[in-house]
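This is what each chain is made of:
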Amino acid sequence: MLNRQAILRLASKRWTSTVQRADYKLNSEALPKNATVFSMIQPTGCFHLGNYLGATRAWTDLCELKKSGQELIFGVADLHAITVPKPDAKMFRKFRHEAVASILAVGVDPEKASIIYQSAIPQHSELHWLLSTLASMGFLNRMTQWKSKSNIKQSENKEYQIDDTEVGKVKLGLFSYPVLQAADILLYKSTHVPVGDDQSQHLELTRHLADKFNSTYKTDFFPKPITMLAQTKKVLSLSSPEKKMSKSDPNHDSVIFLNDEPKTIQKKIRRALTDSISDRFYYDPVERPGVSNLINIVSGIQRRSIGDVVEDVSRFNNYKDFKDFVSEVVIEELREPRTEFEKYGNEPDYLHSVVESGMRKAQEKAAKNLSNIHRIMGF
Ligand code: AMP
């Protein structure tokens, strides 16, 4: 028989959600006073609309709504970026630099959030090692990102076809990068992580490793971080709406980049793959993924429900008007980030100073937490 305390513990466990909405502007009470929010983005190319609507716009909202006692840390995941085909050093340097410019361009306030380079804080890598001794191959094997990033084939029902020769070519860094991601998050004892849906599985692993560490060392040192998902948690490719919009997509028509000119945005949206129903526009992600993706994008940008946007677009009876409407909404939303991105591109010293100051604060916390982790583990 369970005693009263055990029942209460169980009940609170059941009701403690591990996923929360990231639409802070609609729900400014969502974040507790002492929350530590952490998230990063990889410098693997120019940021796109998916990164913005899935993650970085929420970072900006959080800066605006920040209360005293809350801590925000946003970063450039440059160690993760080298797990996929690497650009040359000159290009990589440019991408790292541009990543900081993009974070600032979307409105993240460096006075309120620490902006860091992951590689410049060595505690990330050390905690990765410590946590990797708790991470099972079985759990990592279930992650889908290393499979999709290694182009491992999928069957009709989307199951990955594990072929020993193909798997044998997968690099250890790519396979184990979710453990590094867990280390990134746990190093700061983060409580909330605003990310796109593609990171949900990795957040599960992070919570699992936090639990493993706590139970192994009989401590409650690590909190279990909550995944924060925006309504636009998965923006799809414009030309292949069965997959997500991605920086690494070789077909640039499928991706709206933060610094695309208005004309380019309009051209890309006009070319977006839709379907043959050309006189009615409604939301049906299964039968009409292309149209639904565009509706979802508008709904995300306007911070309105899908139903409201569907009502708006029901007045259109041809693709030209529907797509021109979507283009206008996107162009308007990205106007400021694009000009800000250009401006910051010409201010390398300022970017450097932003990261320097962000890292001083973050490094202090990283060093203190890692030293406590060492103590707990008996080093
Ligand atoms: P990455 O560029 O892969 O480092 O992603 C940076 C952030 O953007 C992560 O939180 C991702 O989950 C998010 N993200 C990336 N692509 C998309 C997408 N197509 N839709 C929504 N969120 C995305």
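Before any of the text, the structure's been laid out above.
The rules behind these values
- Residues numbered from 1 in each chain as written.
- Predicted model: local features only at pLDDT ≥ 70, side-chain atom pairs only at ≥ 80, totals over all residues.
- Heavy atoms only, no water.
- Near = heavy atom within 4 Å.
- Polar contact = N/O pair within 3.5 Å; in protein donor to acceptor, adjacent residues only side chain to side chain.
- Areas by Shrake-Rupley, 256 points an atom, 1.4 Å probe, with all protein chains shown as cover.
- Helix = DSSP H or I, 4+ residues; strand = E, 2+ residues; numbered from the N terminus.
- Nonpolar A, V, L, I, M, F, W, Y, C, P; charged D, E, K, R; others polar.
- Phe/Tyr/Trp six-rings, centres within 6.5 Å; stacked < 30°, edge-to-face > 60°.
- Buried < 20%, exposed > 50% of the residue type's maximum accessible area, 1.4 Å probe, protein only.
- Lys NZ or Arg CZ within 6 Å of the ring centre and 35° of its normal.

**Focus on the site of the ligand**
Within the structure, the ligand sits among 18 residues, and Gln42, Gly196, Asp198, Val235 and Lys247 are positioned closest to it. Within the backbone of Gly196, one N or O atom sits 2.8 Å away from an oxygen atom of the ligand. For the ligand, an oxygen atom lies 2.3 Å from a polar atom in the side chain of Lys247. Protein contacts shield 94% of the accessible area of the ligand, which totals 480 Å² for the unbound molecule. With four residues, helix 2 (residues 49-65) is the single largest residue contributor to the shell around the ligand. Here the residues of the shell around the ligand sort into five nonpolar, eight polar and five charged.

**Remarks on the packing of aromatic side chains**
Within this structure, the stated rule accounts for eleven aromatic pairs. Ring centres 5.2 Å apart and planes at 75° place the aromatic pair Trp146 and Phe175 in the edge-to-face group. Taken together, the residues Trp146 in helix 7 (residues 145-149) and Phe175 in helix 9 (residues 172-187) connect sequence positions 29 residues apart. Phe175 gets classed as buried once you look at its relative accessible area, which sits at 13%. Plain terms: the ring middles of Tyr344 and Tyr350 are 5.9 Å apart, the flat faces sit at 20° to each other, and that makes the pair stacked. On the basis of relative accessible area, Tyr344 is assigned to the buried category, the value being 10%. Through successive ring pairs, a cluster of aromatic residues spans Phe213, Tyr217, Phe221 and Phe222. The aromatic ring of Phe221 is capped on one face by Lys189, whose charged end is 3.9 Å from the ring centroid.

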